[in-house]
Structure formats: structure tokens, C-alpha cells
Amino acid sequence: MKPQFFGKPGLPNKKKPTGWLAPSVMHRVETTMTWVKRLIKFCPVESISMELVRFDTQLIQDLEITGNVEENVL
């Protein structure tokens with residue numbers, strides 16, 4: 001039987017607090033709110049919808065790229 005090298009469980013207080021957001025997401029929220037505050041000066045803003053989208057910019061530039069990353073090594 002192999003020896004187990006697992007330590008004791010960590011402290012229970014290592015949970016993230018309710019409502020915690022990653023720094024990158026928090027920055028996105030703060031930036032959006034800053035722009036909304038600027039826009040409110042010129043026109044009413046009733047609701048905000050935020051969508052996180054990631055684009056493959058290499059694919060946009062070169063449409064011949066397909067498949068896995070391993071297939072398209074330079």
C-alpha cells in the first residue's frame with residue numbers, strides 16, 4: 001500500500017465571502033458603472049445588460065484556422 005501524503009483539511013474560514021467577484025470581473029463592473037454615470041448626464045438609463053464574450057481574434061484574421069491548437073502550431 002502506498003503512503004498517503006495528504007495533510008489535514010484546511011481551515012474552514014478560507015471560503016470567499018458572499019458576493020465576492022474576481023478582480024477582473026470587478027474591474028469590468030466598475031468600468032461599466034463609470035460609463036453609465038457619464039451617460040446618465042445626457043440621457044436616461046433604465047436598465048443595463050452585460051454580456052461576457054470572448055472572440056478568437058486569430059480565427060477572425062485567418063479563416064483557414066480550424067481544429068485544435070496543436071494542429072495550428074507555427
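To be clear, the structure that these remarks concern was listed above.
S.K.: What exactly am I supposed to notice about the overall build of the protein here?
M.R.: For the protein, the helix and strand inventory stands at two helices and zero strands. Total accessible area on the protein is roughly 8200 Å²; 59% of this is exposed by carbon and sulfur atoms.

S.K.: How should the packing of aromatic side chains be read in this particular structure?
M.R.: Two descriptors summarise a pair of aromatic rings, namely the distance from one centre to the other and the angle between the planes of the rings. Scanning the entire structure with this criterion turns up zero aromatic pairs. Its end group placed over the ring of tryptophan 20, lysine 16 keeps NZ or CZ at 4.9 Å from the ring centre. The ring of tryptophan 35 has arginine 38 lying over it, and the distance from NZ or CZ to the ring centre is 4.6 Å.

S.K.: Would you explain a nonpolar patch on the surface in this entry?
M.R.: Together, Met33, Leu39, Ile40, Val45 and Ile48 make up an exposed nonpolar region whose accessible area comes to about 410 Å². Topologically, methionine 33 is positioned in helix H1 (residues 23-40). Take methionine 33: its relative accessible area is 37%, and that puts it in the partly exposed class.

What counts, and where the lines are drawn
Residues numbered from 1 in each chain as written. Predicted model: local features only at pLDDT ≥ 70, side-chain atom pairs only at ≥ 80, totals over all residues. Heavy atoms only, no water. Helix = DSSP H or I, 4+ residues; strand = E, 2+ residues; numbered from the N terminus. Areas by Shrake-Rupley, 256 points an atom, 1.4 Å probe, with all protein chains shown as cover. Phe/Tyr/Trp six-rings, centres within 6.5 Å; stacked < 30°, edge-to-face > 60°. Lys NZ or Arg CZ within 6 Å of the ring centre and 35° of its normal. Patch = residues over 30% accessible without salt bridge, like charges linked within 9 Å, V, L, I, M, F, W, Y side chains within 5 Å. Salt bridge = Lys/Arg side-chain N within 4 Å of Asp/Glu carboxyl O. Buried < 20%, exposed > 50% of the residue type's maximum accessible area, 1.4 Å probe, protein only.

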